[in-house]
Amino acid sequence: MNDLKPILNTLWRAKSAPLLLILQIAVTFTILVNAVYLIIQKEALLIEPSGLDEDVIFTFQTNVQSSEPEEMIALVKQDLRDIRSLPSVENVTVMNSFPLSDWGSYALTGLGPTDEDMNIYTGYYTGDEHAINTMGLELIAGEAPTEGEVQDSIDYSADVTQAIVSKGFAERFYPDDWRAILGTTVYLNYEPYIVKGVVKELKSVWPNWYSHANTVLVPLRHISSDYKVLVRARLGELEQAKLQVVEQLMKTPGRHLDKVMDYQQMREDKFKSETAAIKTLYWVIVGLVLLTLLGIFGQARFTIVKRRKQIGTRRALGASRGDILRYCMAENAIVTFIGIVLGVICALLANVQLVNHFDMAPVPVIYLLQVAGVILIVGQLAVCQPAWMAARVSPALATRSV
């Protein structure tokens, strides 16, 4: 490019203003890269599937009017039968917890009973023979628990010997062939369980947990004075099912129901802070882009006004409007490129700190390239009007002071 050397010489002679613009672009690039990456990670968390058919499921917690273990079990089973008989309800189960509930259990897990074998924590769910169907889990290998295999307990003391595991759990122990886990014995809190089936997806109650995809479901109907219920409504009858279930259960004197909510409500409540953070980051991005655009525009316009006589001289010496336009655009592109290079270095250093302190994954190179492209385009758009103004400077301007 014939203009490259003159541009560099000009920038070097008046380096204060270009340097400030370069620093502004570098700071903008650094913040944009990490903000965009944070948004993408948080949005992925918001839409990450739990494994359940969330559109037709709601949950609640209720009580049982008895303190005798056998009577408690009988009353809960009757409640489940009453709910299952409602016309808007497809199925129902009682569980110890649910995905996204942010409160649940975990188990120390391994393929052997020794301390050396127990090397990972796993999300731990209990449920009866209706749990898989109620949640809408996809059984991709093995079999679901039958009614005769489900144990009843009020203190987790039942002698359960089987378990259903998630595919993530199976891949953790058998990465080459996850199906090989079927029929094997795994140990949960040092107790042996035979793997009877594998479901495609079932997440833990903690979305940010390192072992979020590793879960087990044991055929245990855990019952307490306050127990948790998961209801699967018939398609399109979710609100009606809520009303009918509440009406049915409140027929019992002394009954109370807490936290009656569908899974969309639960997801919104769970990720309320993440949603607010995403909106804030979007506004930060918009503000930074606008500030950078205004900074480039103002700097370009000021430079062109300052050089009007010089531009007129070039026009008088034979430079076309296209030459002037190209010169201004090229000058801006060089300043922007230098700012991007400095921004890449700063963004990588900032990302290292985020990785070290917040356990984030490193920013992929593709994000650096995409943000660089956006800033280059913004820079060229910002300088279009000043460059066109420069191209319209008359050659006669060079002789007006003569």
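To keep things clear, this report deals only with the structure shown in the data block. Since we're looking at a predicted model, the values are computed, not measured.

1. A word on the packing of aromatic side chains
Turning to step 1, where the next piece is worked out: On inspection of all chains with the given rule, the structure shows eight aromatic pairs.
Turning to step 2, where the next piece is worked out: Summarising the aromatic geometry, the rings of Tyr 106 and Trp 206 are spaced 6.1 Å apart at their centres and angled 65° between planes, so their arrangement reads as edge-to-face. Taken together, the residues span a long stretch of sequence, with Tyr 106 in strand 3 (residues 105-110) and Trp 206 in the loop between strand 9 (191-199) and strand 10 (215-222) at a distance of 100 residues.
Turning to step 3, where the next piece is worked out: On the accessibility criterion, Tyr 106 (48% relative accessible area) is partly exposed.
Turning to step 4, where the next piece is worked out: Here Tyr 106 and Trp 209 contribute two aromatic rings whose centre-to-centre distance is 6.3 Å and whose plane-to-plane angle is 50°, an arrangement assigned as tilted.

2. Notes on the side chain of Ser 88
Turning to step 1, where the next piece is worked out: Note on placement: Ser 88 falls in the loop between helix 3 (69-84) and strand 2 (89-95).
Turning to step 2, where the next piece is worked out: Within polar-contact distance, the side chain of Ser 88 engages the backbone nitrogen of Ala 241 at 3.5 Å.
Turning to step 3, where the next piece is worked out: Not counting residues within four places of it along the chain, the set of residues in contact with Ser 88 comprises Ala 233, Arg 234, Glu 237, Gln 240, Ala 241 and Gln 244.

3. Topic: the environment of Gly 168
Turning to step 1, where the next piece is worked out: Assignment of secondary structure puts Gly 168 in helix 5 (residues 167-173).
Turning to step 2, where the next piece is worked out: Sequence separation between Gly 168 and Ser 50 is 118 residues, and the spatial gap between their C-alpha atoms is 12 Å.
Turning to step 3, where the next piece is worked out: For Gly 168, the contacting residues outside a window of four places in its chain are Ala 213 and Asn 214.

Cut-offs applied
Residues numbered from 1 in each chain as written. Predicted model: local features only at pLDDT ≥ 70, side-chain atom pairs only at ≥ 80, totals over all residues. Heavy atoms only, no water. Phe/Tyr/Trp six-rings, centres within 6.5 Å; stacked < 30°, edge-to-face > 60°. Helix = DSSP H or I, 4+ residues; strand = E, 2+ residues; numbered from the N terminus. Buried < 20%, exposed > 50% of the residue type's maximum accessible area, 1.4 Å probe, protein only. Polar contact = N/O pair within 3.5 Å; in protein donor to acceptor, adjacent residues only side chain to side chain. Contact = heavy atoms within 4.5 Å.

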